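# Inside the fold
Each chain is listed here by its residues.
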Amino acid sequence: MITWRNGTVSGTRREWPGAVELEVSVDGAPVRALAYPALTGYPKAGDRVLVNTTALDLGLGTGGYALVIAVPDRLPPDPGLAGHLVKARYSPLQATVLGADEQGSPHHAVLRDADDIGGMPVVVADLHSALPAVLAGVFSAAERSGADRSAASGLPRVVYVMQDGGALPAWYSRTCATLREAGWLAATVTTGQSFGGDLETVTVHTGLLAARHVLGADIAVVAQGPGNLGTGTRWGFSGVAAGEAVNAVAALGGRPVASLRVSDTDPRERHRGVSHHSLTAYGRVALARAQVVVPELGGEFGDLVASGAAGLGGRHEIVTVPVDGLEAALRASPAPLSTMGRGLTEDLAYFLAAAAAGRHASRLLRAAQEPNGAG
């Protein structure tokens, strides 16, 4: 199940909040390795490290690192045990964190009786790669046009609520780090077994409540971390949790906005047009009503997407959103855009669909903030 190797750190390649990318010599060959200093301590050149090379051996795209398990000859100091939430439970690297929703948390009093997110728009997406595209839609120049306020104030405060279907450590995501640095993302809340966010919570429900009542979110985005898992079957994919997220948003009095996964270049037929992931998650798993955003792509492919999404209309409200100006907004993203190895040019429709969902969430927020607007 795990391929264990000894390695020696040659040097540091780069680092971002929560993670450090290393050059490590394993069996005489250089490999890229990733360490999370909060778990292992900070590896230095010359250190012997124990690494897990399973992802490298399998040739995984988003997991193409050796992962540092320990620096056995220089263990980190014992941490202060501030909390009682155990994540990655009963795995060798289980981590104890302070949950925003647990007793002893400074936020417990706020979250103890919190039961509503007050109509907050929440964009739900299948893949982590949708996150920067959704934010591009939220912050696009078109959405800010006509607003009599400065760029430094009054813009929506967006919080990412990370599910545990992909990467468990939020630190793995360079996208989150870049979006945070650019001011596009206010914070990340890690839920379930995922950890490493600005706040930790037990469930997506308390993650949404924390986003709203502790972090002051105007809009939230719910998606799994990097590393979607799929099996080519109707039900065997981690993105099925997008449907459950719609239910959570609705249960808490939010406004679920369903972002469609679409593509006109994916080589797999099941993901052409509207992906079967979206059709299953929103058409079968989501029992609550959402607004499903269909991007107005035009042409034959636009018709294919619209007809594919039409079957969701019996359960959800179909909302067609124009995409004018969104390509420019996507090109202005501070975080690189990539999904399944394809960039913006190679799979423009995918990113436009996610940006359209962000645009719609921004318009819902603006409508609610207007005098006599819907709450």
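Residues numbered from 1 in each chain as written. Predicted model: local features only at pLDDT ≥ 70, side-chain atom pairs only at ≥ 80, totals over all residues. Heavy atoms only, no water.

With that out of the way, let us pick up the pattern of salt bridges. Taken as a whole and judged by the stated rule, the model has 13 salt bridges. Across the pair Glu-21 and Arg-13 runs a salt bridge whose closest N-O atoms are separated by 2.5 Å. Residue classification places Arg-13 among the partly exposed positions, given a relative accessible area of 44%. One salt bridge connects Asp-47 with Arg-74, and the closest N-O pair in it is separated by 2.4 Å. Of this pair, Asp-47 sits in the loop between helix H1 (37-40) and strand E4 (48-52) while Arg-74 sits in the loop between strand E5 (66-70) and strand E6 (85-87), placing them 27 residues apart in sequence. Judged by its relative accessible area of 13%, Asp-47 falls in the buried class. (Salt bridge = Lys/Arg side-chain N within 4 Å of Asp/Glu carboxyl O. Buried < 20%, exposed > 50% of the residue type's maximum accessible area, 1.4 Å probe, protein only. Helix = DSSP H or I, 4+ residues; strand = E, 2+ residues; numbered from the N terminus.)

A few words now on the packing of helix H4 (residues 130-138) against helix H12 (residues 348-369). One can describe the packing of H4 onto H12 by two numbers: an axis separation of 6 Å at closest approach and a directional angle of 45°. Taken together, H4 and H12 sit at an angle that is classed as oblique. Crossing hand, H4 versus H12: right-handed. Two secondary-structure elements touch here, H4 through Ala-130, Ala-133, Val-134, Gly-137 and Val-138 and H12 through Tyr-350, Phe-351, Ala-354, Ala-355, Gly-358, Arg-359 and Ser-362. For the contact of H4 with H12, the residue count by class is eight nonpolar, three polar and one charged. (Axes fitted to C-alpha atoms, helices over the stretch in contact; angles between N-to-C directions. Parallel < 35°, antiparallel > 145°, perpendicular 65-115°, else oblique. Left-handed = near helix turned anticlockwise from the far one by under 90°. Contact = heavy atoms within 4.5 Å. Nonpolar A, V, L, I, M, F, W, Y, C, P; charged D, E, K, R; others polar.)

A few words on the confidence of the model for the chain. Of all residues in the chain, 94% attain a pLDDT of 70 or more, and the chain-wide mean is 92. The low-confidence segment residues 145-152, where pLDDT is below 50, has two contacts with residues more than four positions distant or belonging to other chains. (pLDDT = per-residue confidence, 0-100.)

What you see with strand E10 (residues 187-190) is no split at all: Ala-187 and Val-189 on one side and Thr-188 and Thr-190 on the other are buried throughout. Of the pairings in the sheet, the one linking strand E9 (residues 158-163) to E10 comprises four bridges and is parallel in character. Across the sheet, the residue bridging to Met-162 is Thr-190, located in E10. Two elements, E10 and strand E11 (residues 199-200), share two bridges in a ladder whose sense is parallel. Bridging from a neighbouring strand, Thr-190 pairs with Glu-200 of E11. (Pairing = 2+ DSSP bridges.)

With that settled, the discussion passes to the pairing of E9. Burial runs high along E9: six of the six residues are buried. With burial as the criterion, each face of E9 is covered, one bearing Val-158, Tyr-160 and Met-162 and the other bearing Val-159, Val-161 and Gln-163. Here E9 runs beside strand E12 (residues 219-224); their pairing, made up of six bridges, is parallel. In the sheet register, Tyr-160 faces E12, and the bridge partner there is Val-221.

What follows concerns the sheet that holds strand E17 (residues 317-322). Across the sheet, eight strands lie side by side as E11-E10-E9-E12-E8-E13-E16-E17; this open sheet has parallel pairing. Of all strands in the sheet, those bounded by a partner on one side alone are E11 and E17. Across the sheet, H4 touches strand E8 (121-124), E9 and E12, and the angle it forms with E12 is around 160°.

To continue, consider the sheet that holds E4. Taken in spatial order, the five strands line up as E1-E2-E3-E5-E4 and close into a barrel, and their pairing is mixed. The average undirected angle you get between the axes of adjacent strands in this sheet is 55°. Bridge count between strand E2 (residues 19-26) and strand E3 (residues 29-35): seven bridges; the pairing is antiparallel. Paired with Glu-21 across the strands is Leu-34, a residue of E3.

What follows concerns the environment of Val-292. Relative to the assigned elements, Val-292 resides in strand E16 (residues 291-296). For the pair Val-292 and Pro-336, spaced 44 residues apart in sequence, the C-alpha to C-alpha distance is 26 Å. Setting aside anything within four residues of it in sequence, one finds Val-292 in contact with Ala-258, Leu-260, Leu-312, His-316, Glu-317, Ile-318 and Val-319.

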